[in-house]
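Take a look at the letters that make up each chain.
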Amino acid sequence: MLSRRTLVGAVSASLVLASAPAAFAQDEIYIPLISKGFQHQFWQAVKSGADQAAEELGVRITFEGPDNETMVDRQIDMLAAALANNPAAIGFAALDSQAAIPLLSQAADAGIPVIAFDSGVDSDIPVSTATTDNVAAAALAADKMAEFLGGEGTVAVVAHDQTSRTGIDRRDGFLNQMESQYPDIQVVSVQYGAGDQLQSTEVAKAILTANPDLGGMFGTNEGSAIGIVNAVREMGAQDLTIIGYDSGKAQTDAIREGLMNGAITQNPVGIGYETVKAAVAAMNGEEMPAIIDTGFYYYDQSNIDDAEIQAVLYD
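Here the residue index of a chain counts from 1 through its sequence in written order. The predicted nature of this model means local features are confined to residues of pLDDT at least 70 and side-chain atom pairs, given and counted, to a pLDDT of 80 or more, with totals for whole chains, interfaces and linings taken over all residues. Hydrogens and water are ignored here; the side-chain numbers use all heavy atoms of the structure.

Asks: An account of the side chain of Asp-169 is requested, with residue identities and associated values reported.
Replies: Secondary structure counts use DSSP, requiring at least four H or I residues in a row for a helix and at least two E residues in a row for a strand, with both numbered from the N terminus. Among the secondary structure elements, Asp-169 is positioned in helix H7 (residues 165–181). Only protein chains enter the accessibility calculation, which uses a 1.4 Å probe. A residue is then buried if its area is under 20% of the maximum for its type, exposed if over 50%, and partly exposed in between. The class of Asp-169 is buried, set by a relative accessible area of 17%.

Here it is, written out as structure tokens:
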């Protein structure tokens, strides 16, 4: 197996030598997408949107991500391997918004456009980012939580990480909205479960044990939200308001059952579709917007079966 040092060296050498992506020479446009993971239904929906755009635009894509969203090193290896094939453009959803910058800088220097998706990269390297406005979406989650709590009480957050742009923005969007708009609601704990259901379950159980009178919990992605639901089921917690993020089957089931009060759903098919579309446009030298806002929606029992919501659920 090639070490990352070997792969990065191969990328450096091939990008320096290449005056144009090999995809053109082979009369095939190749665009790899490196996601943050592959285990959640969210990423499967992103892939389906990317596949749809690739078919419509006549390009070849690959879509891969590490086994879980803690594997930053594995994601960097995937990025290095993808760039070593001299793609026409690349889509990248960063687990760590800083760790990939050296490789992405090499891609930019070689004229390979980088499209960020889902999570941005904290640099000006990506020519565009297809994403949800996560700060605004998390602020809406805070508004809904406050509405259920009557504007007072205690809440906690189970977040998926503190290194990706989505993790940071969803956490801070929620916390800042609570602080600025709801002074009588206290956030008593913010913990991290790596987006993993099992780990998030244990984190949520620990929060519930330490705060028996807790009023609400916010889970910042699919794994985090389901971890909270699992913890409530296992502990038999009562009268806890749960607001989630994403809309895999376990979450939509929990909302239909009344166990989860509501959640934010993104538009993952749209994220995948717009990423590939933007990659092709950038490759052709078109002017790109810095942000492609793919939208978000709040859903609960009252609107989960509405056509507008059904179109963006990924269960």
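Asks: Give a detailed account of the sheet that holds strand E12 (residues 297–299), specifying residues and quantitative values.
Replies: Strands sit in the order E7-E6-E8-E9-E10-E12 across an open sheet of six strands; the sheet is mixed. Unpaired on one side and paired on the other, strand E7 (185–192) and E12 mark the two borders of the sheet. In this sheet, neighbouring strand axes are inclined to one another by 15° on average, regardless of whether the strands run parallel or antiparallel. We treat two strands as partners when DSSP finds at least two bridges between them. In this structure, strand E8 (residues 216–219) lies alongside strand E9 (residues 241–245), joined through three bridges in parallel fashion. Bridging across to E9, Met-217 finds its partner in Ile-242. We call two residues contacting when some pair of their heavy atoms lies within 4.5 Å. Geometry is summarised by axes, namely lines fitted to C-alpha atoms with helices restricted to the contacting stretch, and by angles between N-to-C directions that run from 0 to 180 degrees. Where helix H6 (residues 134–149) meets the sheet, it contacts strand E6 (153–159), E7, E8, E9, strand E10 (262–265) and E12, and its direction lies at approximately 165° from that of E9.

Asks: Describe in detail the sheet that holds strand E4 (residues 114–117), supporting the description with residues and values.
Replies: Read from one edge of the open sheet, six strands run E2-E1-E3-E4-E5-E11, paired in parallel fashion. Every other strand in the sheet has two partners, leaving strand E2 (60–64) and strand E11 (291–293) as the edge strands with one partner each. Going from strand to strand, the sheet's axes swing by 20° on average, the running direction of each strand aside. Across the sheet, helix H4 (residues 72–84) is in contact with strand E1 (30–34), E2 and strand E3 (90–92); its angle to E1 comes to roughly 175°.

Asks: Now, about unusual backbone geometry: what can you tell me, with residues and values included?
Replies: A positive phi is found at Asp-118, a non-glycine position, where the angle reads about 65°. Relative to the assigned elements, Asp-118 resides in the loop between E4 and strand E5 (128–131). The phi torsion at Asp-239 lies on the positive side, around 60°, for a residue other than glycine. For Asp-239, the position within the fold is in the loop between helix H9 (222–235) and E9.

Asks: Break down the pairing of E8 for me, with residues and values.
Replies: Of the two faces of E8, the one holding Gly-216 and Phe-218 and the one holding Met-217 and Gly-219 are both buried throughout. Here E6 pairs with E8 via four bridges, running parallel. Within E8, the residue paired with Val-158 across the bridge is Gly-219. Look down the strands so they point away from you; if the path from the first strand over the helix to the second goes clockwise, the crossover is right-handed. Following the chain from E8 across H9 to the adjacent parallel E9, one finds a crossover that is right-handed.

Asks: Lay out the nonpolar core with the relevant residues and their values.
Replies: For this analysis, a nonpolar core means a set of buried residues of the types Ala, Val, Leu, Ile, Met, Phe, Trp, Tyr and Cys, connected via side-chain atoms within 4.5 Å. Within the largest apolar cluster, 29 residues are counted, with the highest numbers of intra-cluster contacts made by Ile-31 and Phe-117. Those elements that place two or more of their residues in this core are E1, helix H3 (41–57), E2, E4 and helix H11 (268–283). Among the elements that line this core, the one with the most residues is H11, at eight residues. Setting aside chain neighbours within four positions, we find Ile-31 in contact with Val-59, Arg-60, Ile-61, Thr-62, Ala-89, Ile-90, Ala-279 and Val-280. In terms of nonpolar packing, the next biggest core, distinct from the first, is built from 23 residues, Ala-204, Ala-225, Ile-228 and Met-260 among them.

Asks: For the packing of aromatic side chains, give the residues involved together with the corresponding values.
Replies: Only Phe, Tyr and Trp rings take part, Trp by its six-membered ring, and two of them pair if their centres are within 6.5 Å. Stacked means planes under 30 degrees apart, edge-to-face means over 60, and tilted covers everything else. Scanning the model with the defined rule gives six aromatic pairs in all. Taking the centre distance of 5.5 Å and the plane angle of 70° together, the rings of Phe-42 and Tyr-314 count as edge-to-face. Of this pair, Phe-42 sits in helix H3 while Tyr-314 is found in the segment after helix H12 (307–310), placing the two residues 272 residues apart along the sequence. One exposure class covers both Phe-42 and Tyr-314, and it is buried. Ring geometry for Trp-43 and Phe-117: centres 6.4 Å apart, planes at 80°, overall edge-to-face. Placement of the pair is Trp-43 in helix H3 and Phe-117 in strand E4, with a sequence separation of 74 residues. A relative accessible area of 2% means that Trp-43 is categorised as buried. What links up through ring pairs into an aromatic cluster is the set Phe-38, Phe-42, Trp-43, Phe-63, Phe-117 and Tyr-314. Between Arg-170 and the ring centre of Tyr-245, over which it is positioned, the NZ or CZ distance is 3.9 Å. Distance and angle both matter: a charge sits over a ring if NZ of Lys or CZ of Arg is within 6 Å of the ring centre and within 35 degrees of the ring normal.

Asks: Help me get a handle on helix H5 (residues 101–109), residues and values and all.
Replies: For H5, every residue scored as buried is listed here: Ile-101, Leu-103, Leu-104 and Ala-107. Down the axis, H5 shows its buried residues gathered within 160° of arc, on one side only. Among the exposed residues of H5, those pointing more than 90 degrees away from its buried face are Pro-102 and Asp-109. Gly-111 sits one or two positions beyond H5 and adopts a positive phi of about 80°. Think of the arc as the fan of directions from the helix axis to the C-beta atoms.

Asks: I'd like a rundown of the packing of H9 against helix H10 (residues 249–257), residues and numbers included.
Replies: Direction vectors running N to C along H9 and H10 enclose 45°, while the axes themselves pass 10 Å from each other. Regarding the angle of H9 to H10, the classification is oblique. Judged by the sense of rotation from one axis to the other, the crossing of H9 with H10 is left-handed. Where H9 approaches H10, its residues Glu-222, Ala-225, Ile-226, Val-229 and Arg-233 are matched on the opposing element by Ala-250, Gln-251, Ala-254 and Glu-257. Note on residue classes: Ala, Val, Leu, Ile, Met, Phe, Trp, Tyr, Cys and Pro are nonpolar, Asp, Glu, Lys and Arg are charged, and everything else, Gly too, is polar. Across the contact of H9 with H10, the residue classes break down as five nonpolar, one polar and three charged. Orientation labels follow simple angle bins: below 35 degrees gives roughly parallel, above 145 gives roughly antiparallel, 65 to 115 gives roughly perpendicular, and whatever is left gives oblique. Should the near helix be turned anticlockwise from the far one by less than a right angle, the crossing is left-handed, and should it be turned clockwise, the crossing is right-handed.

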